[in-house]
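Coordinate inspection notes
This is what each chain is made of:
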Amino acid sequence: MAPTTLASLTTLRLGGPADRVLVLSDPTDWPDIVRAVHEQGERAPVVLGHGSNVIASDAGYPGTVVVVNTRGIAAERAADSTVAVTVQAGHPLTDLVSWAAAEHLAGIECLAGIPGTTGAAPVQNTGAYGQQLADTLDYVTAWDWQTNRLLTLPAHTCRLGYRHSRFKVEIGRWTVLSVTLHLTRTSQAAPVTYQHLAAELGVPIGACPTVSEVTAAVLTNRHRRGLLLNPHNPEARQVGSVFLNPRVTPVQAHRWSAAGCPAHRDTDGQLRASAGWMLEHAGFRPGDTVVAGVRCSAYRSLTLVADHGATAAGFTKALLRLTGRVAASTGITLRPEPTAIGLCKQPSEWCPDSGT
Ligand SMILES: Cc1cc2nc3c(=O)[nH]c(=O)nc-3n(C[C@H](O)[C@H](O)[C@H](O)COP(=O)(O)OP(=O)(O)OC[C@H]3O[C@@H](n4cnc5c(N)ncnc54)[C@H](O)[C@@H]3O)c2cc1C
């Protein structure tokens, strides 16, 4: 039987063969997965959900890849209007958000339309439209491949920040098996804090539409801005934003804001500037080819699309070309958002001086 390629497991559709691919569909099979990994003499596997935020090496991966495909939501009333919702790690995040809207549960409505699994969401503290997983995360249950134990990690131990967590740094140590959130049963969503969303809803910042209205508006806005993953679209081979919004000093924020660059303070209080604006400032427009087979999306420069003939090496080269040009034109180092499989370094290590 032909080996499974990482290309078939990732949205970029790049990456060579993996030695072994194990799929976890039933949570009770987890001990079998652990045993199978150890029988191969490996300390830990590579873990994948839907592969929507990874770049896999053309050479593939010489070891075990575990694809987490478990499904299921269990809701339990905690106190007053709070509901504790435990979700299996392989459950699609979009399905969870739709379920919550139907149940009139607020807290994750702005995450509508984000590709990927619920178990991957704590890895980069998935967020959009002014909301992030950290807002509602209570704890995750995760297998610790370092101590070979199943642990419950309360949210405050996960070191969640802007597109960041301990899981993104302690690569290979953890497999998230379930995620528990606290959602609020209410007809109203949290106040709208994000301008694009307020405009889509036709309401002022601070308004509180219903959870379903916010979910629908987020999906419409994401569609309009090319932020939905449509497998039938020529833009389908992508990982969303390829760079984090970079940290900037107050002086840099002032300088670049004056030049028109959107800047904001993230939930950690850190000033950040728009990576997308910087790419355009450096001369990369939507649709521009960066290297052969890799171009900026037709919607936005911050998303790179793999076309016919693309390779992971080419994609990596494209990221380095973009960071080089932005550094030359602004003095600011962009840091890639996706993680890597089988590359000798994580993309974040290419630019060690820039922080998260
Ligand atoms: C069109 C598009 C739009 C996007 N929009 C957004 C957005 O608005 N906001 C945002 O934050 N992200 C966005 N993303 C990025 C991506 O959707 C998220 O990072 C998502 O959480 C990845 O889920 P996944 O299941 O595909 O993870 P994968 O790509 O499979 O994995 C990502 C990382 O998480 C690890 N991982 C996966 N599952 C587990 C697990 N169970 N336990 C431990 N580690 C695990 C992997 O090893 C890898 O390091 C977008 C991507 C695309 C393609």
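Because the structure is a prediction, the values reported are computed rather than measured.

Within the chain, the regular secondary structure consists of 8 helices and 18 strands. Taking 21 Å as the expected radius of gyration for a compact globule of 356 residues, we find that the chain reaches 20 Å, a close match to that expectation. When the backbone C-alpha atoms are referred to their principal axes, the chain occupies close to 55 × 55 × 40 Å. Across the 356 residues in the chain, those meeting the buried criterion constitute 51%. A sequence separation of at least 24 residues applies to 60% of the contacts in the chain between residues at least 6 apart. Total accessible area on the chain is roughly 15,600 Å²; 53% of this is exposed by carbon and sulfur atoms. In the chain, the 29 positive side-chain charges and the 27 negative ones have mean positions that sit 8 Å from each other.

Along its sequence, the chain is organised into domain 1 (6-68), domain 2 (73-224) and domain 3 (250-350). With centres defined by C-alpha atoms, the gap from domain 1 to domain 3 works out at 28 Å. Across the interface of domain 1 and domain 3, roughly 1,200 Å² is buried in total on both sides, 69% from carbon and sulfur atoms. Taken together, domain 1 and domain 3 are joined by 6 residue pairs in polar contact (both at pLDDT 80 or more). Elements represented by at least two residues in the side of domain 1 that touches domain 3 include exactly β2 (46-48) and β3 (54-56).

To continue, consider the side chain of S297. Tracing the backbone through its elements, the reader meets S297 in the loop between β16 (294-296) and β17 (304-306). Given a relative accessible area of 1%, S297 falls into the buried group. Other than its neighbours up to four places away in sequence, S297 contacts E235, P286, G287, T303 and V305.

The rules we used
- Residues numbered from 1 in each chain as written.
- Predicted model: local features only at pLDDT ≥ 70, side-chain atom pairs only at ≥ 80, totals over all residues.
- Heavy atoms only, no water.
- Helix = DSSP H or I, 4+ residues; strand = E, 2+ residues; numbered from the N terminus.
- Rg over C-alpha atoms; globule rule 2.2 N^0.38 Å.
- Buried < 20%, exposed > 50% of the residue type's maximum accessible area, 1.4 Å probe, protein only.
- Contact = heavy atoms within 4.5 Å.
- Areas by Shrake-Rupley, 256 points an atom, 1.4 Å probe, with all protein chains shown as cover.
- Lys, Arg positive; Asp, Glu negative; His and termini not counted.
- Charge placed at Lys NZ, Arg CZ, Asp CG, Glu CD.
- Domains from an automatic or database assignment.
- Buried area = accessible area lost by both parts, 1.4 Å probe.
- Polar contact = N/O pair within 3.5 Å; in protein donor to acceptor, adjacent residues only side chain to side chain.

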